[in-house]
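Next come the chains, spelled out residue by residue.
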Amino acid sequence: MTTPESRHIACAHCGATNRVPSARLQDDPTCGRCGRALLDGHPVELTDANFDTVVGKTDLPVLVDFWAPWCGPCRMMAPAFEQAAGQLKGRALLAKVNSDDHPQLSARFGIRSIPTLVRLEGGQEVSRRSGALPGGQIVAMAS
Ligand SMILES: [Zn+2]
């Protein structure tokens, strides 16, 4: 498989689609419109407002963690998810959806238990796992 020379990365903050040279994906690229970080190695927060833009217009695998603040296993997994985001910086986008704040997204994906991780490519779901996963499995699922 050849590596494309650049990838489109949608900004989770303002929705602008940025073209980032593949060689620069791990160099903390910022958004050309709003100047905020595009891929800083931390999970991005997805909402009803930005979900389709970010997931549909980012040329990287996107791993979404459906979670809620009251969910013990979700909180337990959060540090491993954060760490995986750093490890996969520039190769995959890790994202979180607070299912309490965004029940419509949860309903759309038929989320029945949390945490549930859903991997999407080009806006299409390709795999999912329910239950808290250790860091290694999160990385394996996203990469
Ligand atoms: Zn932006």
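See the structure shown above.
Here the structure is a predicted model, which means the values were calculated and not measured.

A. The arrangement of the packing of aromatic side chains in detail. Evaluation of the coordinates by the stated rule reveals 2 aromatic pairs. Summarising the aromatic geometry, the rings of F66 and F109 are spaced 5.6 Å apart at their centres and angled 45° between planes, so their arrangement reads as tilted. Here F66 is found in strand β4 (residues 62-67), whereas its partner F109 is found in the loop between α3 (103-108) and β6 (116-121), with 43 residues between them in sequence. F109 carries the same exposure label as F66, and that label is buried. Aromatic ring contacts, followed pair by pair, group F51, F66 and F109 into a single cluster. The ring of W67 has K96 lying over it, and the distance from NZ or CZ to the ring centre is 5.1 Å.

B. Seen up close, the coordination of the zinc ion. Of the protein atoms, only C11 (SG), C14 (SG), C31 (SG) and C34 (SG) coordinate the zinc ion, at distances of 2.3 Å. Coordination geometry of the zinc ion: the 4 donor atoms subtend angles of 103 to 114° at the metal centre, consistent with an arrangement described as tetrahedral. Sequence spacing of the donor residues for the zinc ion, all on one chain, is C-x2-C-x16-C-x2-C. Of this pair, C14 sits in the loop between β1 (6-10) and β2 (17-21) while C34 sits in the loop between β2 and β3 (44-45), placing them 20 residues apart in sequence.

C. Spotlight on the pairing of β2. Only one face of β2 is buried, namely the one carrying N18 and V20, since none of T17, R19 and P21 on the opposite face is buried. The antiparallel pairing of β1 with β2 creates a hairpin that spans 6 residues between the two strands, and G15 there sits at a positive phi of about 90°.

D. Up close: the packing of helix α2 (residues 72-87) against helix α4 (residues 135-142). The contact between α2 and α4 brings their axes to 9 Å, and the two run at 45°. Relative to α4, the element α2 lies oblique. Taken as a pair, α2 and α4 cross one another with a handedness that is right-handed. On α4, the residues touching M77, A80, F81, A84 and Q87 of α2 are G135, I138 and V139.

E. Expanded view of the side chain of K96. Mapped onto the elements, K96 comes out in strand β5 (residues 93-98). Relative accessible area serves as the criterion here: at 12%, K96 is assigned to the buried category. Within polar-contact distance, the side chain of K96 engages the side chain of D65 at 3.3 Å. Leaving out residues up to four positions away in the same chain, K96 has contacts with P43, V44, E45, L46, D65, W67, A78 and F81.

Cut-offs used in this document
- Residues numbered from 1 in each chain as written.
- Predicted model: local features only at pLDDT ≥ 70, side-chain atom pairs only at ≥ 80, totals over all residues.
- Heavy atoms only, no water.
- Phe/Tyr/Trp six-rings, centres within 6.5 Å; stacked < 30°, edge-to-face > 60°.
- Helix = DSSP H or I, 4+ residues; strand = E, 2+ residues; numbered from the N terminus.
- Buried < 20%, exposed > 50% of the residue type's maximum accessible area, 1.4 Å probe, protein only.
- Lys NZ or Arg CZ within 6 Å of the ring centre and 35° of its normal.
- Donors = N, O, S within 2.8 Å, 3.2 Å for Na, K, Ca; no water.
- Tetrahedral: all angles 85-135°; square planar, octahedral: opposite > 155°, others 65-115°.
- Pairing = 2+ DSSP bridges.
- Axes fitted to C-alpha atoms, helices over the stretch in contact; angles between N-to-C directions.
- Parallel < 35°, antiparallel > 145°, perpendicular 65-115°, else oblique.
- Left-handed = near helix turned anticlockwise from the far one by under 90°.
- Contact = heavy atoms within 4.5 Å.
- Polar contact = N/O pair within 3.5 Å; in protein donor to acceptor, adjacent residues only side chain to side chain.

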